[in-house]
Amino acid sequence: MRVGIPRSLLYYKYLPFWKTFLAELGLEVETSPLTNKQILSWGVEVAENELCVPVKAFYGHCMALRGKVDALFVPRVVSVEEREYTCPKFLGLPDMVAAVADQLELPPLLTPKLNQREKPSEFKWQLINFAREEFGVGIMDAVAALETARLAQSRYQESLVNGHKPLDMLPASRLNRTRWKAPKDKRKRIGLLGHPYNIYDGYITQNLVARLEEMGAELVVPEMTDHHVLMQAATDVPKQLYWTYEKEIMGAINHWTGNNLVDGVIYVLAFACGPDSLVQVLIEHRARMHKVPLMSLTIDEHSGEAGLVTRIEAFTDMLMRKKTKAEAVA
Ligand code: SF4
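Analysis parameters
- Position numbers for residues start from 1 in each chain and track the written sequence from start to end.
- With pLDDT at 70 or above as the cut-off, local features in this predicted model cover only qualifying residues; side-chain atom pairs require 80 or more to be listed or tallied, and sums for whole chains, interfaces and linings still use all residues.
- The side-chain numbers reported here are obtained from all heavy atoms of the structure, hydrogens and water having been left aside.
- Helix and strand assignments follow DSSP, with helices taken as H or I runs no shorter than four residues and strands as E runs no shorter than two, numbered in order from the N terminus.
- Here the radius of gyration uses the C-alpha set of atoms, whereas the globule reference equals 2.2 Å times the residue count to the power 0.38.
- For the exposure calls, accessible area comes from a 1.4 Å probe over protein chains only, and a residue counts as buried if that area is under 20% of its type's maximum, exposed if over 50%, partly exposed in between.
- Any two residues whose heavy atoms approach within 4.5 Å at even a single point are treated as in contact.
- Charged-residue counts in this description rest on Lys and Arg as positive and Asp and Glu as negative, His and the chain ends being excluded.
- Here the site of a charge means NZ on Lys, CZ on Arg, CG on Asp, or CD on Glu.
- For each domain, the first and last residues come from an automatic or database assignment.
- When two components associate, each loses some accessible surface as probed by a 1.4 Å sphere; the sum of these losses over both components is called the buried area.
- By definition here, a salt bridge exists when the distance from a side-chain nitrogen of Lys or Arg to a carboxyl oxygen of Asp or Glu is within 4 Å.
- Strand pairing follows a simple DSSP-based rule, namely that at least 2 bridges must link the two strands.
- It suffices for a single heavy atom of a residue to lie within 4 Å of a molecule or strand for the residue to be listed as near it.
- Amino acids are sorted into nonpolar (Ala, Val, Leu, Ile, Met, Phe, Trp, Tyr, Cys and Pro), charged (Asp, Glu, Lys and Arg) and polar (every other residue, Gly among them).
- Aromatic pairing here means that ring centres of Phe, Tyr or Trp (its six-membered ring) are within 6.5 Å. Orientation follows from the plane angle: under 30 degrees is stacked, over 60 is edge-to-face, and everything else is tilted.
- Cation placement over rings: the criterion is NZ of Lys or CZ of Arg within 6 Å of the ring centroid and within 35° of the ring normal.
- Working definition of a nonpolar core: buried Ala, Val, Leu, Ile, Met, Phe, Trp, Tyr and Cys residues. They are joined through side-chain atoms within 4.5 Å.

Glancing now at the overall build of the protein. Along the backbone of the protein there are 13 helices and 10 strands. For a compact globule of 330 residues, the expected C-alpha radius of gyration is about 20 Å, and the protein comes in at 20 Å, within 12% of that figure. Burial status across the protein gives 54% buried among its 330 residues. Nonlocal contacts in the protein, meaning residues at least 24 apart in sequence, comprise 73% of its contacts between residues at least 6 apart. Each charge sign in the protein was given a centre, from 39 positive and 40 negative side chains, and these centres are 6 Å apart.

As structure tokens, then:
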């Protein structure tokens, strides 16, 4: 049986885990191609207009796997931390896709529910039961698959903490990579903040990562910091956030600004994203407090290349002037 994983949303966080787990259960795994014009327009055509662009792209990726796989893997990721939630879109994703599955002639959906809100240990049983019910895999084999998948995910996360970016390691992502880098003394440390599916989808963000590196930025991304450090840093706000992925973003800016790790921050957020629009206010406040220049880039399916390039050029030039002035004073 061939199972398709759409290359969008949590693909950018958990691909090593999901791919290994499914492969260890004896399934063939196929991912959809990099986002392209066709994929995004398919998604935009079928999705509700009010949805954020990565969810729209997700529909397109499901459509790109039609005729290539026997089932689509669309998990319902409710919670990945105790007493916290993910974005509501992840809770409803299987229902949203199922609502148009017949119309789009999508293959059947595999939708395990992953919810660690009450008890983190439940996660293990949720996946074991999924393997047993969907594929008739025995408990011991499912446990072994789970352990191998966990190992693959922790190796991936260790590499991120050691300075790699998801683009360096996820398959077929090299198109997004830069070919030229500025000399080290000419680089500005820019914290690139946002959800990995927004930052690393080169088509949606007009190759933002590669462009910034070509403009001489040394990029710092949230994935380069250990998850527990981010979670701890995220508590430095008046009211605790209960969306895990927003906490990671908040933790990253708190950690960077508190330890003087960046010269400036670019925050990439999707138009119509509820959680991001709330966290944006806290991020702006934090940047102001620490006098760190911040630029917010709101993306949607209409984002144009020219506007983006002009804005990031102006931002990186400003950072360079600031750095040169500070060096002259010192
Ligand atoms: S967090 Fe925002 S960008 Fe991400 S899926 Fe939810 S609404 Fe969309």
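A separate point is the domain arrangement of the protein. By the assigned domains, the protein splits into domain 1 (2-161) and domain 2 (173-329). The centre of domain 1, based on its C-alpha atoms, is set 26 Å off from the matching centre of domain 2. Across the boundary between the two partners, domain 1 contributes 32 residues, which contact 28 residues of domain 2. Interface area for domain 1 against domain 2, summed over the two sides, is near 2,500 Å², with a carbon-plus-sulfur share of 63%. If you look at where domain 1 meets domain 2, you find three salt bridges. For the salt bridge of lysine 13 with glutamate 248, the shortest nitrogen-to-oxygen distance reads 2.7 Å.

The subject of this paragraph is the sheet that holds strand β5 (residues 109-110). Across a sheet, strands are paired by hydrogen bonds formed along the backbone, either parallel or antiparallel in direction. With respect to topology, four strands assemble into an open sheet ordered β2-β1-β3-β5, the strand pairing being parallel. Two strands close off the open sheet at either side, each with one partner strand: β2 (28-31) and β5. The pairing of strand β3 (residues 71-73) with β5 spans two bridges and is classified as parallel. Its bridge partner lying in β5, phenylalanine 73 is registered against leucine 110.

Before going further, it helps to spend a moment on the site of the ligand. Every residue close to the ligand is listed here: Cys52, Pro54, Val55, Cys87, Lys89, His195, Tyr197, Ala270 and Cys273. Here the shell around the ligand is built from residues that sort into seven nonpolar, one polar and one charged. Residue-level mapping places the shell around the ligand at the junction of two domains, with at least three residues from each of domain 1 (2-161) and domain 2 (173-329).

Here we take up the pairing of strand β7 (residues 188-193). Burial of β7 is extensive: five of the six residues sit out of reach of the surface. Bridge count for β7 against strand β9 (residues 264-270) is four bridges, and the pairing is parallel. Note on β9: the bridge partner recorded for leucine 193 is tyrosine 267.

The full count for this structure, using the stated rule, is 11 salt bridges. When the shortest N-O distance is used, the salt bridge between arginine 76 and aspartate 95 registers 2.9 Å. With arginine 76 in strand β4 (residues 76-79) and aspartate 95 in helix α4 (residues 88-104), this pair connects stretches of sequence that are 19 residues apart. In this structure, the salt-bridge partner of glutamate 82 is arginine 83, at a minimum N-O distance of 3.9 Å. According to the relative accessible area criterion, arginine 83 is exposed, its value standing at 62%. Residues joined by salt bridges that share partners form a network here, namely Arg2, Glu28 and Glu30.

Between two aromatic rings, the relevant description is the distance of the centres plus the angle of the planes. Taken as a whole and judged by the stated rule, the model has 10 aromatic pairs. Ring plane angle 15 degrees and centroid distance 6.2 Å describe the contact between phenylalanine 17 and phenylalanine 21, whose orientation is recorded as stacked. With phenylalanine 17 and phenylalanine 21 both in helix α1 (residues 11-24), this residue pair falls four residues apart, about one helical turn. Given a relative accessible area of 2%, phenylalanine 21 falls into the buried group. Geometrically, the ring pair formed by phenylalanine 90 and tyrosine 197 is edge-to-face, given 6.0 Å between the ring centres and 80 degrees between the ring planes. With phenylalanine 90 in helix α4 and tyrosine 197 in helix α8 (residues 196-199), this pair connects stretches of sequence that are 107 residues apart. The same class applies to phenylalanine 90 as to tyrosine 197, namely buried. One aromatic cluster in this structure is built from Tyr14, Trp18, Phe73, Phe130 and Phe135. Lying across the ring of tryptophan 42, arginine 66 places its NZ or CZ 5.3 Å from the centre.

Grouped together as the largest cluster of nonpolar side chains are 83 residues, with contacts concentrated most on Trp18, Phe21, Leu192, Leu212 and Ile266. Sorting elements by how many residues they give to this core places α1 first, with eight residues. For this core, the domains that each give at least three residues are domain 1 (2-161) and domain 2 (173-329). Beyond its immediate sequence surroundings of up to four residues, isoleucine 266 is in contact with Ile190, Gly191, Leu192, Leu193, Leu212, Met295, Leu297, Ile312 and Phe315. Counting residues in each nonpolar core, the second largest holds 19 residues, with Leu230, Leu241, Met250 and Val279 among its members.

What follows is about the side chain of histidine 255. Counting through the fold element by element, histidine 255 comes out in helix α11 (residues 244-258). Here histidine 255 falls in the buried class, since its relative accessible area comes to 18%. In this structure, histidine 255 is in contact with Thr225, Val229, Ala233 and Leu261, ignoring residues within four places of it in sequence.

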